[in-house]
Each structure stands twice: as structure tokens, then as C-alpha cells.
Amino acid sequence: GAGVSQSPRYKVAKRGQDVALRCDPISGHVSLFWYQQALGQGPEFLTYFQNEAQLDKSGLPSDRFFAERPEGSVSTLKIQRTQQEDSAVYLCASSLAVLGATSYEQYFGPGTRLTVT
Amino acid sequence: SQELEQSPQSLIVQEGKNLTINCTSSKTLYGLYWYKQKYGEGLIFLMMLQKGGEEKSHEKITAKLDEKKQQSSLHITASQPSHAGIYLCGAHLWGFNKFYFGSGTKLNVKP
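Being a predicted model, the structure only gives us computed values, none of them experimental.

> Please give an account of the overall build of chain A that cites residues and values.
Along its length, chain A carries 0 helices and 11 strands. The order of α-helices and β-strands along chain A, N terminus first, is β-β-β-β-β-β-β-β-β-β-β. Computed over the C-alpha atoms, the radius of gyration of chain A is 13 Å, within 12% of the 13 Å expected from 2.2 N^0.38 for a compact globule of 117 residues. The principal-axis extents of the C-alpha atoms in chain A amount to approximately 40 × 30 × 25 Å. A buried classification covers 48% of the 117 residues belonging to chain A. Within chain A, contacts between residues at least 6 apart in sequence are counted, and of these 55% link residues at least 24 apart.

Here it is as C-alpha cells:
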């Protein structure tokens with residue numbers, strides 16, 4: 001079956017440009033996470049959605065970062081006025097269960113590699 | 001993240017050797033997860049541990065969660081080149097609505 005998909009897979013943006021990264025979770029999945037992964041590091045939490053509700057956005061690095069999931073399925077991570085330090089792989093993960101459930105298991109997309117020049 | 005400390009950072013072993021990767025949390029774990037990542041790809045779920053003392057195995061990979069639920073180890077028996085990649089521990093911590101990851105262990109298995 002279809003897994004989590006992300007688009008675009010690669011994005012090159014000039015400093016100051018706005019970008020939008022898309023995540024298509026597995027159909028019916030309640031939970032959705034966004035992570036930022038710098039080269040050689042583990043993923044860093046950005047934000048967590050349960051259906052359309054954004055339960056935690058404390059990991060967003062600045063107010064230039066904004067995420068939404070208006071209908072509880074597809075999610076978009078938007079970065080305004082991109083800076084070089086935004087260069088990273090952005091990973092999306094979804095789960096059928098809510099965070100904390102004993103059956104909780106995340107499925108990851110392939111990521112979007114953002115390079116800001 | 002600072003909440004999860006993973007060691008070693010990198011590991012090179014000869015094919016057939018055993019190895020262990022450790023993950024220590026600064027806070028009480030609600031669930032501890034192990035993932036594998038290949039360069040340029042997403043994370044692949046290996047196993048999840050929730051109860052203190054729990055141990056799970058999949059093929060030649062065994063993961064344990066200690067009784068106090070703040071430390072986990074991943075053990076690979078008779079390593080093969082196919083085991084090469086980056087191993088990441090991840091955790092849901094009590095009282096937090098987020099998910100944390102360690103910095104990863106890069107494993108290289110020499111044929």
C-alpha cells in the first residue's frame with residue numbers, strides 16, 4: 001500500500017524566498033509529525049498534529065516556520081524568508097494511533113532536502 | 001537531542017562480529033523506539049519497547065529496555081553488510097507531547 005509521501009524531494013531556494021513542503025500521510029492516520037534533520041544529526045521535533053489540531057509547535061525554530069493540516073490529512077510546512085541555516089532534510093511521519101498509545105508506531109516519508117543558497 | 005544520548009557515534013565492525021548501541025534518556029521514558037536510516041532515505045521502524053525489562057528481537061537484532069526505563073540497548077549478533085546504516089533511538093517522554101531522537105550511530109560492517 002501507499003506509504004507517507006513528501007514533495008518535493010529536493011528544493012533549492014535562494015535566501016529570502018518562501019518555500020512550502022508537502023506531506024501526504026497514510027490514509028486514515030491520526031497523528032502527523034514534522035522533523036528537521038541536519039546533516040549527521042538525528043531528527044529534531046518541529047510540530048505534532050492530531051487530526052487537524054496542532055497540539056505542539058514548540059519545536060518550530062522561529063516565527064518564519066508555519067505548519068498546517070486543515071482537513072486532518074495532508075500537511076504543509078511553510079518557511080518564509082528562508083535562511084541558510086534552514087538547509088536540512090525535513091521529514092514527515094504519520095501514525096494511526098495517537099502519541100502515547102501502546103500501539104503507537106510512526107511511518108516516515110523519504111523527506112524533502114532543502115538547500116538555501 | 002539533549003534528552004536522548006546515544007553511543008557510540010560511529011562504529012566499524014568486521015562482518016560476523018557482535019555489537020551494541022546504547023541510548024540513555026535524561027527523563028523517564030514512556031516508549032522507546034529504534035529506527036534504521038540509510039543515507040537520503042526516511043527512517044525504518046525496527047522495534048518499540050515500553051515496559052521496563054522488556055526485550056524484543058527481530059532476526060539478529062535485539063533491543064532491551066532497562067528496569068528503570070531510562071536506558072535501552074540495541075544488540076546485533078553476527079553482523080552483516082546489510083546491517084550498515086544509521087541507527088537512531090527515539091522516545092516519547094512522560095509529560096511531553098513530542099517525540100525525541102538521539103543523534104544516531106553510524107554503523108559500517110566490513111566484509
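> So what's going on with the state of the cysteines? Residues and values would help.
Residue and element names in this part refer to chain A. Following the criterion strictly, the structure yields 2 disulfides over all chains and no others. Between the sulfur of C23 and that of C92 lies a disulfide, 1.8 Å long from S to S. An S-S torsion of about -60° defines the bridge between C23 and C92 as left-handed. Placement of C23 in strand β3 (residues 19–24) and of C92 in strand β9 (residues 88–95) is noted, with a sequence separation of 69 residues between them.

> If you had to explain the environment of G72 of chain A to someone new, which residues and values would you point to?
Residue and element names in this part refer to chain A. Looking at the secondary structure, you find G72 in the loop between β7 (65–68) and β8 (75–79). Spatially, the C-alpha atoms of G72 and L32 are 9.0 Å apart, while their sequence positions differ by 40 residues. Apart from the residues lying within four places of it in its own chain, the contact partners of G72 are H29, N51 and E52.

> Just give me the short version of the interface of chain A and chain B, but keep the residues and values in it.
Taken together, the contact pairs 26 residues of chain A with 22 residues of chain B. In total, chain A and chain B occlude about 1900 Å² of area from one another, counting both sides; carbon and sulfur atoms represent 53% of this. Considering only the surface of chain A that becomes buried against chain B, P43, L99 and F108 of chain A emerge as the three largest contributors, covering 23% of it. For the pair chain A and chain B, the interface holds 0 salt bridges. Among the secondary structure elements, those contributing two or more residues to the side of chain A that touches chain B are β4 (31–37), β5 (44–50) and β6 (53–56) of chain A. Broken down by class, the residue content of the side of chain A that touches chain B amounts to 12 nonpolar, 9 polar and 5 charged.

> Can you break down the sheet that holds β8 of chain A residue by residue, with the values?
Residues and elements named next belong to chain A. With antiparallel pairing, 4 strands are arranged side by side in an open sheet as β1-β3-β8-β7. The sheet is open, and its two borders are formed by β1 (5–7) and β7, each paired with just one other strand. Ignoring which end each strand starts from, the neighbouring axes of this sheet average 15° apart. Sheet topology places β3 next to β8; 5 bridges connect them, and they run antiparallel. Residue pairing across strands places A20 opposite K78, the latter belonging to β8.

Rules used throughout
Residues numbered from 1 in each chain as written. Chains lettered and ligands numbered in written order. Predicted model: local features only at pLDDT ≥ 70, side-chain atom pairs only at ≥ 80, totals over all residues. Heavy atoms only, no water. Helix = DSSP H or I, 4+ residues; strand = E, 2+ residues; numbered from the N terminus. Rg over C-alpha atoms; globule rule 2.2 N^0.38 Å. Buried < 20%, exposed > 50% of the residue type's maximum accessible area, 1.4 Å probe, protein only. Contact = heavy atoms within 4.5 Å. Disulfide = S-S within 2.5 Å. Buried area = accessible area lost by both parts, 1.4 Å probe. Salt bridge = Lys/Arg side-chain N within 4 Å of Asp/Glu carboxyl O. Nonpolar A, V, L, I, M, F, W, Y, C, P; charged D, E, K, R; others polar. Pairing = 2+ DSSP bridges. Axes fitted to C-alpha atoms, helices over the stretch in contact; angles between N-to-C directions.

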